[in-house]
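# Residue-level structural notes
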Amino acid sequence: MSQTFSRIDQLAQFVGQTVTVRGWVSHLRSSGKVAFIVMRDGSATPLQCVLVKKQMPEEDWARFAALTLESSLAVTGEVRADDRAPGGYELGASALAIIGASPLDYPIQPKEHGIDFLLDNRHLWLRSPRQVAIARVRHEVEQAIHDFFYERGFLHVDTPILTASQGERSGLFSTEYFDEGMAYLAQTGQLYGEAAAAAFGRIYTFGPTFRAEKSKTRRHLTEFWMIEPEMAWYDQAMNQDLQEEFVCYLVERCLTRRAAELKELERDISKLETVKAPFPRIPYTEAVEILQKKGSNITWGDDLGAEDEALLVADYDRPVFVCNYPKEAKAFYMKENPDDPRTVLCADLLAHEGYGEMIGGSQREDDHDKLVARIQHEGLPMEAYGWYLDLRKYGTFVHSGFGLGLERTVAWICGVQHIRECIAFPRMMHRVRP
Ligand code: 4AD
Ligand code: MG
């Protein structure tokens, strides 16, 4: 009889049959004549294997005693449906093979570990149920992002990681680039996205972005993933409508398809179920007044700090837009607000529950001369932006776009406090390994 292998998530098809499941030991328990192995293979809730001494060859039974946590193994047995089993099925073992033993000093034990220790052991920490749940939510969000834009006729464009110009105001990572001078790791794909929007109409980019920021906050990574849609003929109001629809779509997808993971993470999903359009849209100037009344010492012209953001969203059960910031607080490419030229046509979307800025977006300056003036005012090297100015020279167009930070969005959906857990191998100011 040839051997049938199954992953844990496929066991439903094999009820009553004998299969072999391969994975790693996550829990062991024995009462002398009956033993239990809980094993995980990454596909689903870990599987309980039941070993009965009398029903197994002696040598297979003897192997149980040698098993340790995180050993890799193959268990062969009959698949049984059982409502009491965590995943709905268990395996009545008839054979056990140890594939790779794991010494008793496995670093991650079922006790509290400090965060630095866990991050030093990130390559192993990834195996824990909480980390697996976060990774699955992240994947769901990524897939939902592609689906959302595919369904709406957006073209996916991959923009370069090595660039010659600066996109945002934050710190740059640089490297020598042959005889071409310095190149920078992309802080954003947006400027290329704008060129692509003039070629393809509606596009989105989805890639890693880099910020040499010396900020050690819960929300900052030096390498993070950003989704940046860019739409021809969208003004800022349409841009915000799309953001609302997009964020609701992502939340809805996780609520329907990742309920088990959100449960594992003990996420209070009632806080996600209220995420429905429309989201409040608060003009910046009004936000400053509200914050001052709440005791913040923010003054007109300042960007909102993390504490201000938390104060402002405290009254809401869904994300909140803060619109039309002062020019000086924002990047050079944002379009001047015709109704108040001290400000620009932009919005930050702040997640409720104090998770902070999830999206930054704006209508883009489409007036060639105004854009030149902004580049000069910011002291940016004009020669690096020649191609970007061409987009205003050859058939300028109303266009808008935004950037959604993937890790911040995943942290918010998962209810995870620090975004370092929302990417497999986080890069932060003091961490580039493992
Ligand atoms: O507000 P930001 O800097 O906007 C841009 O980069 C624009 N080019 C976007 C656009 O209009 N196409 O960044 C956008 C989002 C933030 O709202 C945040 O979610 C995330 O990217 N982000 C970070 N996430 C993790 N670590 C960091 N250091 C981040 N900086 C920004
Ligand atoms: Mg921003």
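Since the model is a prediction, treat every value here as computed from it, not as a measurement. (Residues numbered from 1 in each chain as written. Chains lettered and ligands numbered in written order. Predicted model: local features only at pLDDT ≥ 70, side-chain atom pairs only at ≥ 80, totals over all residues. Heavy atoms only, no water.)

### Considering unusual backbone geometry
In this structure, the amide linkage connecting Ala-277 to the following residue, Pro-278, adopts the cis form with an omega of -5°. Summarising the element assignment, Pro-278 is placed in the loop between α8 (270-273) and β12 (281-283). Following Arg-433, the chain continues into Pro-434 via a peptide bond in cis, with omega recorded as 0°. Residue position: Pro-434 is located in the segment after α13 (406-414). At Asn-324, a residue that is not glycine, the phi angle is positive and equals roughly 55°. Residue placement: Asn-324 occurs in the loop between β13 (320-323) and β14 (346-351). (Helix = DSSP H or I, 4+ residues; strand = E, 2+ residues; numbered from the N terminus.)

### A closer look at the environment of Leu-73
Positionally, Leu-73 belongs in strand β4 (residues 72-81). Excluding anything up to four places from it in sequence, Leu-73 contacts Val-21, Arg-22, Gly-23, Trp-24, Val-25, Ile-37, Met-39, Leu-67, Leu-96, Ala-97, Ile-98 and Ile-99. (Contact = heavy atoms within 4.5 Å.)

### What to know about the site of ligand 1
As a structural note, the neighbourhood of ligand 1 is formed by 23 residues, with Glu-168, Gln-190, Glu-228, Glu-357 and Met-358 the closest of them. Contact distances for ligand 1 include 3.0 Å between a nitrogen atom and a backbone N or O atom of Leu-221. When ligand 1 is considered free in solution it has 630 Å² of accessible area, and contact with the protein chains removes 94% of it. Of all elements in the fold, only β11 (223-232), β15 (356-363) and β16 (399-405) reach the threshold of two or more residues within the shell around ligand 1. Of the residues that constitute the shell around ligand 1, the class distribution is eight nonpolar, seven polar and eight charged. (Near = heavy atom within 4 Å. Polar contact = N/O pair within 3.5 Å; in protein donor to acceptor, adjacent residues only side chain to side chain. Areas by Shrake-Rupley, 256 points an atom, 1.4 Å probe, with all protein chains shown as cover. Nonpolar A, V, L, I, M, F, W, Y, C, P; charged D, E, K, R; others polar.)

### Some thoughts on the packing of aromatic side chains
Under the defined criterion, the tally for this structure stands at 19 aromatic pairs. On the basis of an interplanar angle of 20° and a centroid distance of 6.3 Å, the ring pair of Trp-61 and Phe-64 is categorised as stacked. Within this pair, Trp-61 and its partner Phe-64 are both found in helix α1 (residues 58-66), separated by three residues, close to a single helical turn. Phe-64 matches Trp-61 in its accessibility class, with the two residues each being buried. (Phe/Tyr/Trp six-rings, centres within 6.5 Å; stacked < 30°, edge-to-face > 60°. Buried < 20%, exposed > 50% of the residue type's maximum accessible area, 1.4 Å probe, protein only.)

### Here's the deal with the pairing of β13
Residues Val-320 and Val-322 line one face of β13 and the alternating positions Phe-321 and Cys-323 line the opposite face, and both faces are buried. In the sheet, β13 pairs with β14 via four bridges, with the strands oriented antiparallel. Considered in β14, the bridge of Val-320 is made with Leu-350. (Pairing = 2+ DSSP bridges.)

### Quick word on the pairing of strand β9 (residues 182-185)
Of the strand pairs in this sheet, strand β7 (residues 162-163) and β9 are connected by two bridges, and their pairing is antiparallel. What sits directly across from Leu-162, in β9, is Leu-185. Two elements, strand β8 (residues 174-176) and β9, share three bridges in a ladder whose sense is antiparallel. Across the sheet, Ser-174 pairs through a bridge with Tyr-184, a residue of β9. Counting the residues in the hairpin turn of β8 and β9 gives five residues, including Phe-178, whose phi is positive at 45°.

### Concerning the packing of helix α4 (residues 129-151) against α13
Axis separation between α4 and α13 bottoms out at 10 Å; the angle between their running directions is 120°. Considering their axes alone, α4 and α13 lie oblique with respect to each other. As for the relative orientation of α4 and α13, their crossing is right-handed in sense. Every residue of α13 that contacts α4 at Ile-134, Val-137, Arg-138, Val-141, Glu-142 and Ile-145 is listed here: Leu-406, Glu-407, Val-410, Ile-413 and Cys-414. A breakdown of the residues in the contact of α4 with α13 according to their chemical character gives eight nonpolar, no polar and three charged. (Axes fitted to C-alpha atoms, helices over the stretch in contact; angles between N-to-C directions. Parallel < 35°, antiparallel > 145°, perpendicular 65-115°, else oblique. Left-handed = near helix turned anticlockwise from the far one by under 90°.)

### Concerning a nonpolar patch on the surface
On the surface, a nonpolar cluster with roughly 350 Å² of combined accessible area is contributed by Leu-162, Tyr-177 and Phe-178. Following the sequence through the fold, Tyr-177 ends up in the loop between β8 and β9. Given the relative accessible area of 35%, Tyr-177 is considered partly exposed. (Patch = residues over 30% accessible without salt bridge, like charges linked within 9 Å, V, L, I, M, F, W, Y side chains within 5 Å. Salt bridge = Lys/Arg side-chain N within 4 Å of Asp/Glu carboxyl O.)

### Focus on the environment of Ala-62
As for its placement among the helices and strands, Ala-62 is situated in helix α1. In the structure, Ala-62 is positioned 225 residues away from Ala-287 in sequence and 69 Å away in space, judged by C-alpha atoms.

### Quick notes on the environment of Asn-297
Note that Asn-297 resides in the loop between α9 (284-293) and α10 (306-313). Taking the C-alpha atoms as reference points, Asn-297 and Glu-357, separated by 60 residues in sequence, lie 20 Å from one another.

### What about α13?
With nine of its nine residues buried, α13 lies for the most part within the structure. Taken as a whole, α13 has its buried residues at Leu-406, Glu-407, Arg-408, Thr-409, Val-410, Ala-411, Trp-412, Ile-413 and Cys-414. Downstream of α13 by a residue or two, Gly-415 has a phi angle that is positive, lying close to 70°.

### Re the side chain of Gln-243
Locating Gln-243 in the fold gives a position in helix α6 (residues 236-257). In this structure Gln-243 touches Phe-321, Ile-359 and Phe-402, once residues within four positions along its chain are discounted.

### Quick word on the domain arrangement of the chain
Considered domain by domain, the chain is made up of domain 1 (8-100) and domain 2 (122-422). A separation of 46 Å is found between the C-alpha centroids of domain 1 and domain 2. (Domains from an automatic or database assignment.)

### Structural notes on the sheet that holds strand β2 (residues 34-40)
Here we have five strands rolled up into a closed barrel, ordered β1-β2-β3-β5-β4, and mixed in their pairing. Neighbour-to-neighbour, the strand axes of this sheet turn through a mean angle of 55°, independent of strand direction. Here β4 pairs with strand β5 (residues 89-100) via ten bridges, running antiparallel. Looking at β5, one finds that Val-75 is bridged to Leu-96. Relative to the sheet, α1 contacts β1 (18-30), β2, β3 (47-52) and β5, its axis offset from that of β5 by approximately 75°.

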